[in-house]
Amino acid sequence: MKTTTRVCIIGGGVVGASVAYHLTKLGWSDVMLLERSELTSGSTWHAAGGFHTLNGDTNMAALQGYTIRLYRELEELTGMSCGLHHVGGVTLADTPERLDMLKAERAKHRFMGLETEIIGPDEIKALAPITNVEGVLGGLYDPLDGHLDPSGTTHAYARAAKMGGAEIVLHTRVVETNPRPDGTWDVVTDKGTIHAEHVVNAAGLWAREVAAMAGCYLPLHPMEHQYLVTEETPEIYERDSEHPHVMDPSGESYLRQEGRGLCIGFYEKTCRPWAVDGTPWEFGHELLPDDFDKIGDSIAFAFKRFPVLERAGIKSVIHGPFTFAPDGNPLVGPVPRLRNYWSACGVMAGFSQGGGVGLSLAQWMVEGEPERDVMAMDVARFGRWIGPGYTLPKVIENYQTRFSVVYPNEELPAARPHRTTPMYDSFDAMGAVWGQQYGLEVVNYFAEPGEARYETPSFRRSNAWEATAREVRAVRTGVGINELQNFGKYRVTGRDARGWLDRIMAGRIPAPGRLSLTPMLSEKGKIIGDFTVSCLSETEFQLTGSYGAQDYHLRWFDRWLSGDVAVENVSDSRTGFQIAGPRARDLLAAVARQDVSEMRFMDVRRLTIGLSDAIVQRVSYTGDLGYEIYVNAMEQRALWRMLWDKGQAFGIKPFGMRAMMSLRLDRGFGSWMREFSPDYTPAETGLDRFVAWKKPVDFIGRAAAEAERATPPVRRLVTFVVEAEDADVVAYEPIWLDGAVVGFCTSGGYSHWTGQSVAMGFLPAERIVEGLTVEIEILGQMRPARLVTTPLWDDPRLRA
Ligand SMILES: Cc1cc2nc3c(=O)[nH]c(=O)nc-3n(C[C@H](O)[C@H](O)[C@H](O)COP(=O)(O)OP(=O)(O)OC[C@H]3O[C@@H](n4cnc5c(N)ncnc54)[C@H](O)[C@@H]3O)c2cc1C
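These lines cover the structure that appears in this document, whether it is placed above or below. As the structure is a computational prediction, the values presented were derived from the model and not from experiment.

**Quick word on the overall build of the protein**
What the protein contains, in helices and strands, is 20 helices and 37 strands. Taking 800 residues into account, the globule formula puts the C-alpha radius of gyration at 28 Å, and the protein, at 27 Å, falls close to it. If you line up the protein on its principal axes, its C-alpha atoms span 85 × 60 × 50 Å. Intrachain contacts of the protein at a sequence separation of at least 6 include 72% that bridge at least 24 residues. Split by element, the accessible area of the protein, about 29,500 Å² in all, is 51% carbon and sulfur. Across the protein, the 82 positively charged side chains and the 103 negatively charged ones have centroids separated by 6 Å.

Structure representation (structure tokens):
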């Protein structure tokens, strides 16, 4: 065994083996994989080996497509068999809502190049004859679905890694991971210590324990899972071809052929978490005891859907644990606050996702960043606030809803309310209908007395319509008030603060008393943040960005921190309200001790508001005359009382996120992780107008952004007015022109103020012309849409 290595991977399941292979593939051959037992000794050996591309997140679906296509390559490279069965699969829909969901998925697949299709009950019956299609409205067929041999595949990855120079060390358990001051690690095993430049935690069922060795908490938890294998069944073995997979969400089951019989697994509502207090080190190649009671209802349902099962005897039961993160997606990437420590954990579908996880992590380590946006599985998507108390109920909920319809406006109930601001009880008493962001309760809208306190989950327009329209009107005609809690806020101080901001942000850093908007770019010129920078003094700035990206952004700030600069996350300690609308200035004047009439658009001032010293910025995402007023969180309620009381004279009304997202459409403002994400560049999205090309600073991403400037992008973000009916664009709907898919939507919704359905999305640059008519596929229907190049609404008072 070597005693020094560039990368030490802890864990020889399918994920660790995939990471090892991809690192060597990208050119890092000095890689060691340490496995405490044999390869596959965690969840991997007892997996059912199924794989599929379906995933609500488009980038995850693309990575699943990559994983599935990789297996043939792996077989050719190693000469080993992965035991592939590319039999295709169909996901059933027996409610209109589920069919809507599948149609929306199908539409996304069009521009991703995935050949799925919606099929009817007769086609389902022809394809998968053991299915009772009574009540089935249709299904989504995916030819890429299939299954494989979990052990063979893991060994093929390991062989491929060895061929690339990696060392696979078995029967060696990591017992400690100790950081050195230079950022490298001592990995202590029961066979000796290895000095590693990088550590990858791919310890699957033991990932929590391995993370704790580095002093960190990874939000994942194991759940029990059970599948049954039947005796030989004539309806199966008499067929000429292998039976395809059938996913039956109503029955919470997946079914496939296994040899001459069937295999069926369940995601039962009556599920059970496993090893709540930690995974025992002695657990290995054993299974959990059979538990038919737990899956009794699911089995009864399956007998109706697949009557053949009732006659088929059960040959074996596989009941084992595997891990989930709170949202069911993996935890991948550099672990915030640790140097050279990487996570490849929480992979609940190792055979659909393992290849994509390995590729993305290897690109991150070798090339500095993954080629596509992997926010859906970034380990930094959960903040410091998360702990085992929150993770467990969320993981249970995720398991229970694994097969549920996922609605774009849905708010899941588990582990809530967890984090609340001082305004929670007051807003609740005012009729708040709550949403959740980054663990925090945020107001989606306010229901009036007599209106439901619950938004109906739907792909179509929901019961929030009236309330949203009401709040939008209140802002545009009077003054609206909205809590500022859901911004990520950072206080940047020090002698070198300006220089540091100039380097880390692509945009102009403003003069004292002024604000600027700026993209933050990765080294490859991708958008990794869109911020407002306000200069309070030459040594003190405030940054505001996405609340949900706090750990993501802090990890980046930490990486580049140098000189006399301190970055303090004040997201929760500095809060307040924005007031927006034609009467906003009157209200500010009524509460501020100083004269605010001279405050220009994009000015920042320290003002005395009531009892508080406030930072006031004249800017508003609503596109209206507006001010953001920040105070210490301890003073938020006093600020509220002052604004609310004085605001009565101006018709003040509270508004929530639904109204905010409608208002931004009037002006065509993009938003984080919709229009602005690491998948896109400044020139593609129009954020290049905020890049300070003339500043004499080699800001991060400059070379890439300059190169793009010299060769303009082939696609650009544009806005459309859509002839929608009862459903608006959400995201990733395909855009059709001349019978072909030429682009996709990034987001959309209904602009209540202008009375139009709006979509934003990418089109080939050469096709962009005012008035161009395209078609956008919304829930399987082609909707005419007209391209607009100017904002739908503009009001001079914004800058007056
Ligand atoms: C019943 C069942 C059916 C499933 N069916 C499917 C399916 O059809 N399709 C699908 O995609 N997924 C399925 N899964 C999930 C799949 O098994 C997991 O996604 C996958 O195995 C996760 O792999 P991993 O490498 O992350 O973790 P693991 O397989 O748990 O591997 C972790 C490895 O790390 C090693 N290790 C841990 N700690 C240390 C240490 N300190 N030192 C050295 N080594 C260490 C362990 O020994 C182990 O080998 C199923 C799971 C179950 C339980």
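**Focus on the sheet that holds strand β5 (residues 117–119)**
What the 8 strands build is an open sheet, ordered β5-β6-β4-β13-β14-β15-β12-β16; its pairing is mixed. Bordering the open sheet on either side are β5 and β16 (314–324), each of which pairs with just one other strand. Across the sheet, the mean angle from the axis of one strand to that of its neighbour is 25°, orientation sign disregarded. Where strand β12 (residues 221–230) and β16 come together, 10 bridges link them in antiparallel fashion. The residue bridging P222 from the neighbouring strand is T323, located in β16. Running over the sheet, helix α3 (residues 96–112) touches β4 (89–93), β5 and β6 (138–142) and is turned about 30° from β6. Contacting β12, β15 (261–266) and β16, helix α11 (residues 388–400) crosses the sheet at an angle of about 25° to β12.

**A look at the sheet that holds strand β26 (residues 566–569)**
Pairing is antiparallel in the open sheet, where 5 strands are placed in the order β23-β24-β25-β22-β26. The open sheet terminates on both sides in strands that have one partner only, identified here as β23 (515–521) and β26. Strand-to-strand twist of the sheet, defined as the mean angle between neighbouring strand axes without regard to direction, takes the value 30°. Bridge analysis of β23 against strand β24 (residues 527–537) gives 7 bridges, and the strand direction is antiparallel. Among the inter-strand pairings, L517 is bridged to a residue of β24, identified as T532.

**Focus on the site of the ligand**
Taken together, 39 residues lie around the ligand, and E35, R36, T44, G50 and V347 are the ones closest in. In the model, an oxygen atom of the ligand is placed 2.5 Å from a nitrogen or oxygen of the T44 side chain. Here an oxygen atom of the ligand sits 3.1 Å away from a polar atom, N or O, in the main chain of G49. With the chains in place, 97% of the 1,000 Å² that the ligand exposes on its own is no longer accessible. The set of elements that each furnish at least two residues to the shell around the ligand consists of α1 (14–25), β12, β16 and α10 (350–367).

**Considerations on the packing of aromatic side chains**
Given two aromatic rings, their pairing is described by the distance between the two centres and the angle made by the two planes. Per the counting criterion, the structure on display carries 33 aromatic pairs. For the ring pair F111 and Y732, a centre distance of 6.1 Å and an interplane angle of 20° mean the geometry is stacked. Of this pair, F111 sits in helix α3 while Y732 sits in the loop between β32 (715–722) and β33 (734–737), placing them 621 residues apart in sequence. Relative to F557, the ring of F531 lies with its centre 6.0 Å away and its plane at 45°, an arrangement referred to as tilted. Of the two residues, F531 is situated in strand β24 and F557 in helix α15 (residues 550–560); the sequence distance between them amounts to 26 residues. Across the pair, F557 and F531 agree in class, each one buried. Through a chain of ring-to-ring contacts, the aromatic side chains of Y254, Y267, F322, F324, Y399 and F403 assemble into a single cluster. The ring of Y267 carries R402 above its face, with NZ or CZ at 5.2 Å from the centroid.

**With respect to the nonpolar core**
Counting residues in each nonpolar core, the largest one holds 47 residues, and the members touching the most others are I9, L23 and V200. Of all elements in the fold, only β1 (4–10), α1, β2 (31–34), α2 (58–78), α5 (150–163), β18 (341–345) and α10 reach the threshold of two or more residues within this core. Take this core: its biggest share by element is 7 residues, from α1. Every residue in contact with L23, bar those within four places of it in the chain, is listed here: V7, I9, W28, V31, A362, M365 and V366.

**Considering helix α13 (residues 465–477)**
Taking 1.5 Å of rise per residue, 13 residues should cover 18 Å, and α13 covers 18 Å from first to last C-alpha, within 8% of that figure. Three or more residues of α13 are buried, namely A467, T468, A469, E471, V472, A474, V475 and R476. Buried-residue contacts for α13 involve β20 (440–446), β21 (480–483), β27 (574–580), β31 (653–654) and α18 (657–667).

**Focus on the pattern of salt bridges**
Charged atoms that come close allow side chains of opposite charge to pair. Evaluated as defined, the whole model comprises 52 salt bridges. The salt bridge partner of E268 is K294, with a shortest N-O separation of 3.7 Å. Of this pair, E268 sits in the loop between β15 and α8 (296–305) while K294 sits in the loop between β15 and α8; the two residues are 26 residues apart in sequence, bridging distant segments of the chain. Each member of the pair, E268 as well as K294, carries the same accessibility label: buried. With its nearest N and O atoms 3.8 Å apart, the salt bridge here joins E725 to R783. Of this pair, E725 sits in the loop between β32 and β33 while R783 is found in strand β37 (residues 781–788), placing the two residues 58 residues apart along the sequence. The class for E725 is exposed, based on a relative accessible area of 54%. For R783, a relative accessible area of 13% corresponds to the buried category. It is possible to trace a salt-bridge network through shared partners that takes in E224, E268, R272, D291 and K294.

**A look at a negative patch on the surface**
A cluster of like negative charges, contributed by E115, E117, D122 and E123, occupies part of the molecular surface. Assignment of secondary structure puts E115 in the loop between α3 and β5.

**A closer look at unusual backbone geometry**
Leaving glycine out, the prevailing phi sign among residues is negative, and the prevailing peptide bond configuration is trans. Residue P417 is reached from R416 by a cis peptide bond, and omega for that bond is -10°. Tracing the backbone through its elements, the reader meets P417 in the loop between α11 and α12 (424–429). A positive phi angle is found at E252, which is not glycine, with a value near 55°. As for its position among the elements, E252 is in the loop between β13 (245–248) and β14 (253–258). Even without being glycine, R337 reaches a positive phi, approximately 75°. Relative to the assigned elements, R337 resides in the loop between β17 (331–334) and β18.

**Re the packing of α2 against α10**
Look at α2 against α10: their axes get within 7 Å of each other, and the N-to-C directions meet at 100°. Judged by the inter-axis angle, α2 sits roughly perpendicular to α10. Taking contact as the criterion, the partners of M60, L63, Q64, Y66, T67, L70 and Y71 in α2 are, on α10, G350, F351, S352, Q353, G354, G355, G356, L359 and S360. Of the residues belonging to the contact of α2 with α10, the class tally is 7 nonpolar, 9 polar and no charged.

So, how was this worked out
Residues numbered from 1 in each chain as written. Predicted model: local features only at pLDDT ≥ 70, side-chain atom pairs only at ≥ 80, totals over all residues. Heavy atoms only, no water. Helix = DSSP H or I, 4+ residues; strand = E, 2+ residues; numbered from the N terminus. Rg over C-alpha atoms; globule rule 2.2 N^0.38 Å. Contact = heavy atoms within 4.5 Å. Areas by Shrake-Rupley, 256 points an atom, 1.4 Å probe, with all protein chains shown as cover. Lys, Arg positive; Asp, Glu negative; His and termini not counted. Charge placed at Lys NZ, Arg CZ, Asp CG, Glu CD. Pairing = 2+ DSSP bridges. Axes fitted to C-alpha atoms, helices over the stretch in contact; angles between N-to-C directions. Near = heavy atom within 4 Å. Polar contact = N/O pair within 3.5 Å; in protein donor to acceptor, adjacent residues only side chain to side chain. Phe/Tyr/Trp six-rings, centres within 6.5 Å; stacked < 30°, edge-to-face > 60°. Buried < 20%, exposed > 50% of the residue type's maximum accessible area, 1.4 Å probe, protein only. Lys NZ or Arg CZ within 6 Å of the ring centre and 35° of its normal. Core = buried A, V, L, I, M, F, W, Y, C linked by side-chain atoms within 4.5 Å. Expected span 1.5 Å × (residues − 1). Salt bridge = Lys/Arg side-chain N within 4 Å of Asp/Glu carboxyl O. Patch = residues over 30% accessible without salt bridge, like charges linked within 9 Å, V, L, I, M, F, W, Y side chains within 5 Å. Parallel < 35°, antiparallel > 145°, perpendicular 65-115°, else oblique. Nonpolar A, V, L, I, M, F, W, Y, C, P; charged D, E, K, R; others polar.

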